[in-house]
Amino acid sequence: MKKYKYLSVLALGASLLFASCQRNLLNPVPQTSISDASAFSTLSRIQASVLGLYGALKNGNLYGGRYVIYGDIRGEDFINQTSNLVTGSDVWALNPTNSATAVVNLWAQAYYTINSCNIFIDGMNAGGSAIAGPTLSANYIAEAKLIRALCYYSLLQYYARPYADGNGSKPGLPLRLTGIKGVGQSNLARSTVADVYAQVIKDLNDAETGLPLNYSSAYNNTTRAHRNTAIALKTRVYLSMQNYSAVITEANKIVSATAPFTATSGVANALQADITQVFKTPYTTTESILSMPMTSTAGDYPGTQNQLAYYYTPVASLGGVGNGEYSLNANGIIADPTWLPTDARRSFILQTGSGSSLKYWLTKYKAPSPYTDYVPVIRYSEVLLNLAEARVRSTNTIDPQAVALLNAVRNRSDAATTYTVASFASANDLINAILKERRIEFLGEGLRNNDLMRLLQTIPAKGSAQSKGPNDVGYIWPISANELALNNLCTDN
Amino acid sequence: MRKLLMLLMCALLTVGQLWAQNRTIHGTVLDENGKPIERASVVVKGTKIGTSTEENGTFKLTVPPTAKYLVITALNFERREVFIEGKNEVEIKMNPLDSKLDEVVVVAYGTQKKNTVTGSQVSVKGAVVENKPFTSVDKALQGAVAGLQSAAASGAPGSSQAIRIRGIGSISASADPLWVIDGIPVNSGDVSRLTTTANLLSTLNPDDIEDITVLKDAASSSIYGSRAANGVILVTTKKGRPGATRFKFDAEVGQNSIAYKNSAYQPLTADQYGTITKEGLINAGQATPSNVDAIYNANFLSVFTYPSPVNTDWLSAVTRVGGQQQYNLSASGGNEKTTFFLSGGMFKQDGTTIATDFTRINGNARIENRATNKLTLGFTLNGGVTDQNTPLNGGAFGNPVLSAFFLLPTLSPYKPDGTLNYLTGDFPNASTYNTVAVAALDKRNLHGLSLRGSVYAEYKILDNLRFKTQYGVDYNTLEENQYNNPFYGDGQSSGGRAFAYYTRYTNWDWVNTLDFKQSLLRSGDLNLNLKVGYESQLSKGYFVSVQNSNFPPTTILTVPAIGATPKTASQTASDYAFVGAFSSADLNFKDKYIITGSFRNDGSSRFGLNRRYGNFWSIGGRWNIDRERFMQNIKFINQLVLRSSYGTNGNAGIGNYDALPLYGYGSNYIGNPGSAPSQAGNIDLTWEINKPFNVGLDVTILKNRVSFTIEYYKRNTTSLLLAAPVPPSTGFTSVTKNIGAMENKGVEFTLNVVPIQSRDFRWNLNFNIAANQNRITALVNNQDILSGVFIRRVGYDFQTYYARIYAGVDPANGDPLWYTDATKQATTNNYGAAQRALYQSASPKFFGGFGNSFRFKNFSFSANFYYNFGNYLRDTWGSYYNGAGFGGGFNKVQRIMKRWTTPGQITDIPKYVYGGNKSAQSFSTFYLFKGDFIRLRDIELGYDMPKSLLGKYHIGTMRFYVRGTNLWTWVADSNMPFDPEQGVSAQTNLEVFIPKTVTAGVNISF
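These remarks concern the structure in this document. What you are looking at is a predicted structure, and each value in this text was computed from that prediction instead of being measured.

Conventions used here
- Residues numbered from 1 in each chain as written.
- Chains lettered and ligands numbered in written order.
- Predicted model: local features only at pLDDT ≥ 70, side-chain atom pairs only at ≥ 80, totals over all residues.
- Heavy atoms only, no water.
- Contact = heavy atoms within 4.5 Å.
- Buried area = accessible area lost by both parts, 1.4 Å probe.
- Salt bridge = Lys/Arg side-chain N within 4 Å of Asp/Glu carboxyl O.
- Polar contact = N/O pair within 3.5 Å; in protein donor to acceptor, adjacent residues only side chain to side chain.
- Helix = DSSP H or I, 4+ residues; strand = E, 2+ residues; numbered from the N terminus.
- Nonpolar A, V, L, I, M, F, W, Y, C, P; charged D, E, K, R; others polar.
- Patch = residues over 30% accessible without salt bridge, like charges linked within 9 Å, V, L, I, M, F, W, Y side chains within 5 Å.
- Areas by Shrake-Rupley, 256 points an atom, 1.4 Å probe, with all protein chains shown as cover.
- Buried < 20%, exposed > 50% of the residue type's maximum accessible area, 1.4 Å probe, protein only.
- 1 Å grid on protein atoms, 1.4 Å probe; cavity = no way out; pocket = protein on both sides within 12 Å on 5 of 7 lines; lining within 4 Å.
- Points joined across faces, edges and corners; volume = space filled by probe spheres on them.
- Pairing = 2+ DSSP bridges.
- Axes fitted to C-alpha atoms, helices over the stretch in contact; angles between N-to-C directions.
- Parallel < 35°, antiparallel > 145°, perpendicular 65-115°, else oblique.
- Left-handed = near helix turned anticlockwise from the far one by under 90°.
- Phe/Tyr/Trp six-rings, centres within 6.5 Å; stacked < 30°, edge-to-face > 60°.

Many analyses report the size of an interface as the accessible area lost when the parts associate. Residue-level contacts link 56 residues of chain B with 65 residues of chain A. Across the chain B/chain A interface, buried area totals approximately 5100 Å², and carbon plus sulfur atoms make up 66% of it. It is Tyr663(B), Tyr669(B) and Ile670(B) that lose the most area in chain B upon contact with chain A, and together they represent 16% of the buried surface on that side. At the junction of chain B and chain A, the tally comes to 0 salt bridges. Across the chain B-chain A interface, the total number found is 7 residue pairs in polar contact (both at pLDDT 80 or more). Top element by residues in the side of chain B that touches chain A is strand 26 (residues 565-589) of chain B. It accounts for 6 residues. A breakdown of the residues in the side of chain B that touches chain A according to their chemical character gives 31 nonpolar, 22 polar and 3 charged.

Here it is in structure tokens:
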């Protein structure tokens, strides 16, 4: 009998003891996700987080598709075919509302990416750097800053007045620089355009310092940021700020003084002899400074109604792989007689039908579903043209190097045309030629809107869509309705 | 060797001689009203020889010649000793314990004297749920408990069943009650990930259940803390009683057919479809009277030229009369030291639709040993395996019920040569499939396995202090398999495909309790019962998913390993834990005034760091008025009790990791895994808080012939979890927060009457009703939430429809009309110009059950009804088969023949226009139906074989019966398209039809 008594007293004691340990059970460790605290606990987790930042940037709502598409369809070179609000017919018509798909989703995805970068930078500073070591840590933080800068710059192009309007004094964006992981940080007013640009430049400067010169593979040299990427982006940003001397300073770091123009340090970025090679597998030429890679792995392609080839190529029966959302404007840049039929870049144009059903389509992107064309973020030819334009504008002369740079881009696709200083009557003529070259060279690469904006030019009419001057409603987008409803300090445009 | 044999023979002879000297006593144990008492213990005084009584109160006991007295004990009755010398047959009448003073009921973490219970709880005896043709016990609870709504969304065998106790108490978290089986909180509900429905409770054989107790208010359930808000259902399985081993065998066979059909919703015949389609083509301007026949013949007929025109009734083709059978065998008994209960069962149900069936095989063991006077040890193990085939539902092309209404009657499931017809000319790819072919060629099945078991020990430290520890495990696995052939159907585009999903839930729970009883006054008038306990639980979910495609051109090889192209190979996991310390106490003064209280400090891994633990409590009071001196002269009142309770409990039914700020993988880049913030955390996230108030009156009058209970409750649920939007510039779109609030209040009434009671005839009548009113009282910024066809608005019922109000058909031109707004002042034929209005609710205003049972000599008859009133049901897919021509290429139902055809005609079906008539297909109140119904849930006629006959064959009892389930259904709305029972949200989804079942069976015990 006694033994049972002892036994049960023992059991009671043991269970009470055990009970006190049970509270450990309540610290959950999810197995499909990791808690934010442990996201920086090992090098491989940190590396996965870096890739996640690019993954966010590559999202179909941002650089995987729609950011680039909106940049072109706001301009005059495309005609909407489907009147579908989901695929940006309102963006094309320059009248999207605060709650338009484009306005709401691009804003959300860009800020999601920005917050991911902020959380990453915070996490590295809080302990991740110690695990990654000084070199890798500097590299990774620099990548995060570059992505953050690119997002802020991109948002400015649609949601804020151009820098040229009042030298950046107009309302810019809520500038969020620390990671948000919970509730209670809703309200933040918009900083000025100048302040946001200043942050973009600061981030890119930091990135330039922290990024590696290059990677071991051509693949990574195109899909991950290296030092030249930061410099190249700075030429774009400074051009938008009309800070032409800074464009020259930056561009000179990666453009040799004479032709053939190449980057002399870091990745040997250069033009390809044949532009069509840039838009083909493996998409990783040295001309593509940064592109968003796509594969047919689930989650690694742009997703429904975000894909460039889906928007720009016609349906299969017409020889395309997409849905023909937008055709090329027959009266747009493709009508320009100086863009010769022999120009290699005309090979990106597909003509279908005849008579009233005659249409032109852009086939620069042509990989079929799930649409694995790499999406260009910045190419070396843009750096050359940025430099060319900055040189002309800063000197207001027919700058010979500017002509040489323009020639480098034109000649490689159009052997029949060679510009000389004598081709241009004035500096302004040269600038116009450079701007026209940009429309031809970057058709479908999302730069048209930025070029119109930075020069405060009127967005020309096209098809049924009316033109919008800098003072018209619709010249820039309104702010996302969701932001306005929930961020009490945010004001609309 | 020879010696041994001799010895054996001697032994045998001796035994034989002993037998010869014994005698057998037959007897019946009855209550004060002459009603048989089941499971009364019958023991020969001073020995361990004993047995227990059958369902009909009879027993048979072989007693030694020395036996003089039998001792009979039964729950809630006084102990009796009966002199038996010289008697072979006895009838024993038991006296109930004084005013049921010592009757004991199941409560949370133990049992309690019934007359000290302050809470609202209802016990359903095992006899109510056993031997019913239901695949799981939750289906058998329909109509049995006032305030418990049990609604099937599907009639598929083995499907899940939604249970709501006292209304819906949550918006985004779970509204399901907590199931506790033999003291272990278990995982329950639908855990299917691939197939359409799988019910974890379907592995439990209702035949093994002794008692189901439903806890409805704070006093009864708050001790379960953060999981009690939606109510708690305690299941106690059967255990053995001391006495001779008793066997029980049940067998039942029968058949299932569709319970409810409406002739207005039968598919059209080929001729009818031809008539209406030609008319519609002309109305749509797609044909003229002169060319319509040619157009019709070219586009709407089979590619085969049959000898005679095809006229397929697809509804008949995909439905059937299914078989039903179950067999249960149990053995129970033991002696005063050790008791046992063993059982096994087999259950098989074929559904009303092709490719639906369910089979369960299960076993159950329970052994309890009193090691010493102080120590009791026990062990339970309950295991079941299920095998289930369930087709697709809703709008899936492979859904047989969908195809019954969508496929053209001009197409035949078979080719003229008798082989399956799936030529693209008749059945184009990516459209409604010939589901007869799909059922023959594809596979969709699941195998479930559940093991629920526990070991426990109870030690009486002092006479008034007991310690109990119980460790239980609830282990469930589900293997789901799907194969889609490469030739036709869902697998065609991927060259055939197969899925294999494995789901496992391992759940352990450890409870330790200390029970203390103490009399606080020397007189014994004031008594305290105190319980303290500690419970910890960990549930781990484990999920493997595999998909492969590109299969060889055969339908024989169906496992994923055969596919050439791997598609998915994934494994995930999800866990939760609860740790709680709890206590309950009741203070009883002279059995007149009782105060109870409970408290639990509960912690859950699901909640944010700052709010991981919470305190939940309840207080309750009970006044046994009938015990008062002033009541002693009021003879016609046997019992009069006033009860009330109030307290708090919680709802922890949220995602396992909702509170955590998370990094998720899947943000892939360059083919490598990328991680990114996937969830904004909320370290303040916590349970939803429920504060139930309850007051009840229990009355028993007229010599216990009439008893009723009336209760009023009001429960306020606050801190409802809602996704609160945050500005997108924070990087997230929403954060889960405790914001919303809701209120449920209502009245419940339960009545039991014995109108006639005599030796040969007894009539029992029961009735229950529950009326509940639900109101949302707070939302995020009190803004409306649109959720499909519902609107969540402050001040309104949770399931209020938000719909344009249909105004009928314009007699002039057959256009559909809608009221422009809720005032119903003006109509429009422009759907877009009509405003949506708040309209009725999908939740019933009141529901309940009523029944009669009669016993005349050896015959018994019972009929139980379930009813449901005040809700509206939506016909989700009605736009296709009753949408004025919308989806013209699909078949229609008979009701469409009442369409408008001539000016001046009054009808509610618009002019039939091929392709649709002015958005008549769009959701409006036209697709809502008054959901009132009454259903004959159960009707049974039984006959007990006379004992005199059975005795010869050593059979205790033998009973034959025929039973019907869902045999008759009355609906208020003559246009009710499908079964009026369509889940808690009352949305039809072309699910497998709920069956009506007719069975015949036998119960034998010996």
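Moving on: a nonpolar patch on the surface. Residue and element names in this part refer to chain B. On the surface, a cluster of nonpolar side chains totalling about 780 Å² of accessible area is made up of Leu 520, Leu 521, Leu 587, Phe 589, Tyr 593, Ile 595, Trp 623, Phe 630 and Leu 642. Assignment of secondary structure puts Leu 521 in the loop between strand 24 (497-519) and strand 25 (526-549). For Leu 521, a relative accessible area of 38% corresponds to the partly exposed category.

It is possible for side chains bearing opposite charge to pair when their charged atoms get close. Applying the stated criterion to the full structure yields 76 salt bridges over all chains. Shared partners join several salt bridges into a network, and the residues in it are Glu287(A), Asp343(A), Arg345(A), Lys364(A), Arg379(A), Arg410(A), Arg412(A), Asp414(A), Glu437(A), Glu441(A) and Glu445(A).

Bringing empty space enclosed by the protein into the picture now. Residue and element names in this part refer to chain B. Estimated volume of the largest cavity: approximately 170 Å³. Every residue lining the largest cavity is counted, 18 residues in all, and those nearest its centre are Phe 134, Lys 139, Asn 966, Ile 994 and Pro 995. Put simply, the parts of the chain that give the lining of the largest cavity at least two residues each are strand 49 (957-971) and strand 50 (995-1005). A class-by-class count of the residues in the lining of the largest cavity yields 6 nonpolar, 9 polar and 3 charged. The space that makes up the second largest cavity amounts to roughly 130 Å³. Lining the second largest cavity are 17 residues, with Arg 39, Lys 238, Lys 248, Ser 330 and Phe 341 sitting closest to its centre. Elements represented by at least two residues in the lining of the second largest cavity include exactly strand 17 (243-258), strand 18 (322-334) and strand 19 (338-350).

Residue and element names in this part refer to chain B. Both strand 5 (residues 69-73) and strand 6 (residues 80-83) contribute to a ladder of 4 bridges, which runs antiparallel. Bridging across to strand 6, Tyr 69 finds its partner in Phe 83. The hairpin formed by strand 5 and strand 6 contains 6 residues between the paired strands, and Asn 76 there has a positive phi angle of roughly 75°.

All names here are of chain A. The N-to-C vectors of helix 9 (residues 227-240) and helix 10 (residues 244-254) enclose an angle of 160°; their axes lie 8 Å apart at closest approach. It follows that helix 9 is roughly antiparallel to helix 10 by the angle criterion. The handedness of the crossing between helix 9 and helix 10 is left-handed. On helix 10, the residues that touch Asn 228, Ile 231, Ala 232, Lys 234, Thr 235, Tyr 238 and Leu 239 of helix 9 are Tyr 244, Ala 246, Val 247, Glu 250, Ala 251, Lys 253 and Ile 254. Its residues placed into classes, the contact of helix 9 with helix 10 shows 9 nonpolar, 2 polar and 3 charged.

Residue and element names in this part refer to chain B. Taken as a whole, this structure holds 78 aromatic pairs over all chains when the rule is applied. Centroid distance Tyr 109 to Phe 582: 4.1 Å. Interplanar angle 20°. Geometry classified as stacked. Within this pair, whereas Tyr 109 is found in the loop between strand 8 (104-107) and strand 9 (110-113), its partner Phe 582 is found in strand 26, the two being separated by 473 residues in sequence. Residue classification places Tyr 109 among the buried residues on the basis of a relative accessible area of 12%. Look at Phe 582 and you get buried, because its relative accessible area is 3%. For the ring pair Trp 877 and Tyr 880, a centre distance of 6.1 Å and an interplane angle of 35° mean the geometry is tilted.

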